[in-house]
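Report on the structure
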Amino acid sequence: MKSGELNPPMNLIKQADIPGAIDKLRKGGVVGRFIAVYED
């Protein structure tokens with residue numbers, strides 16, 4: 001990771017999208033990670 005050779009898929013989501021993201025994870029087929037980004 002530090003060298004930049006790995007580039008894992010990351011899906012940035014807002015707080016309001018968390019429930020939908022959890023549903024997608026339960027169903028399977030999600031590639032990468034969901035990362036919740038909080039806005040002020």
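Scoring rules and cut-offs
Residues numbered from 1 in each chain as written. Predicted model: local features only at pLDDT ≥ 70, side-chain atom pairs only at ≥ 80, totals over all residues. Heavy atoms only, no water. Helix = DSSP H or I, 4+ residues; strand = E, 2+ residues; numbered from the N terminus. Buried < 20%, exposed > 50% of the residue type's maximum accessible area, 1.4 Å probe, protein only. Areas by Shrake-Rupley, 256 points an atom, 1.4 Å probe, with all protein chains shown as cover. Lys, Arg positive; Asp, Glu negative; His and termini not counted. Charge placed at Lys NZ, Arg CZ, Asp CG, Glu CD. Pairing = 2+ DSSP bridges. Right-handed = clockwise from strand over helix to strand, strands pointing away. Contact = heavy atoms within 4.5 Å.

Looking at an unreviewed UniProt entry, one finds the chain named D-arabinose 1-dehydrogenase-like Zn-dependent alcohol dehydrogenase and attributed to Pseudarthrobacter niigatensis.

In this section: the overall build of the chain. For the chain, the count of helices and strands is 1 helix and 2 strands. Along the chain, helices (α) and strands (β) appear in the sequence β-α-β when read from the amino end. The dimensions of the chain, computed from C-alpha atoms along their principal axes, are 35 × 30 × 10 Å. Taking all 40 residues of the chain together, 5% fall into the buried category. Element-wise, carbon and sulfur atoms account for 54% of the exposed surface of the chain, whose accessible area totals about 3800 Å². Of the charged side chains in the chain, 6 are positive and 5 negative; the average position of the first set lies 7 Å away from that of the second.

On to the pairing of strand β1 (residues 10–14). Judged from the 5 bridges that link them, β1 and strand β2 (residues 33–37) form a sheet pairing that is parallel. Following the sheet pairing, L12 is matched in β2 by I35. For the crossover from β1 across helix α1 (residues 18–27) to β2, the handedness is right-handed.

Looking at the element boundaries, Y38 is found in the segment after β2. You can call Y38 exposed: its relative accessible area is 56%. Excluding its chain neighbours within four sequence positions, the residues that come into contact with Y38 are Q15 and I18.

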